[in-house]
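What the coordinates show
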Amino acid sequence: MPRLGAGIAGAVVAGALALASPSAGADDDVARRLDQLEALVESQQAQIEALTKRLAEVQAAPPAPELMMTSSEPKVKVSLFGQVNRAVLYYDDGAAADVR
């Protein structure tokens, strides 16, 4: 994988040099900020590489087996299926009304 950090760091350096003022104090501030930005870019690049590696590991892993509950008796096999019903029941019988 090509390193993006060097290109980004170069762009940060060029931008910092373009914005640098002639005073010595401002130069020190720009240099300090530039060092901070370069460190940030390097840490982000390391994080990207770690995440890319982890993604490749997850994609290469076999799929998880289907979960099934079985009995110690080989002739018995139980599978449970279902759904969530999010219905609302409203009734009004003339004497009372309610929602369940």
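That block above? That's the structure.
Since this is a predicted model, take the numbers as computed values, not measurements.

A separate point is the overall build of the protein chain. Scanning the protein chain from terminus to terminus reveals two helices and four strands. Ordered by position from N to C terminus, the α and β elements of the protein chain give α-α-β-β-β-β.

Nonpolar side chains collect at one region of the surface, where Val76, Val78 and Leu80 lie side by side and expose about 290 Å² of accessible area between them. Inspection of the secondary structure puts Leu80 in the loop between strand S2 (77–78) and strand S3 (90–92).

This part covers the pattern of salt bridges. Should the charged atoms of two oppositely charged side chains come close, the side chains can pair. Counted under the stated rule, the structure contains two salt bridges. In this structure, the salt-bridge partner of Asp29 is Arg32, at a minimum N-O distance of 3.8 Å. Remark: Arg32 and Asp29 occur in helix H2 (residues 24–60); sequence separation between them is three residues, near one turn of the helix. Ionic pairing is found between Arg54 and Glu57, a salt bridge with its closest N-O pair at 3.6 Å. Linking Arg54 with Glu57, this pair stays in helix H2, spanning three residues, or about one helical turn.

Let us look at the environment of Tyr90. As for its position among the elements, Tyr90 is in strand S3. When sequence neighbours within four positions are dropped, the list of residues in contact with Tyr90 reads Ala97, Asp98 and Val99.

Rules used in this analysis
Residues numbered from 1 in each chain as written. Predicted model: local features only at pLDDT ≥ 70, side-chain atom pairs only at ≥ 80, totals over all residues. Heavy atoms only, no water. Helix = DSSP H or I, 4+ residues; strand = E, 2+ residues; numbered from the N terminus. Patch = residues over 30% accessible without salt bridge, like charges linked within 9 Å, V, L, I, M, F, W, Y side chains within 5 Å. Areas by Shrake-Rupley, 256 points an atom, 1.4 Å probe, with all protein chains shown as cover. Salt bridge = Lys/Arg side-chain N within 4 Å of Asp/Glu carboxyl O. Contact = heavy atoms within 4.5 Å.

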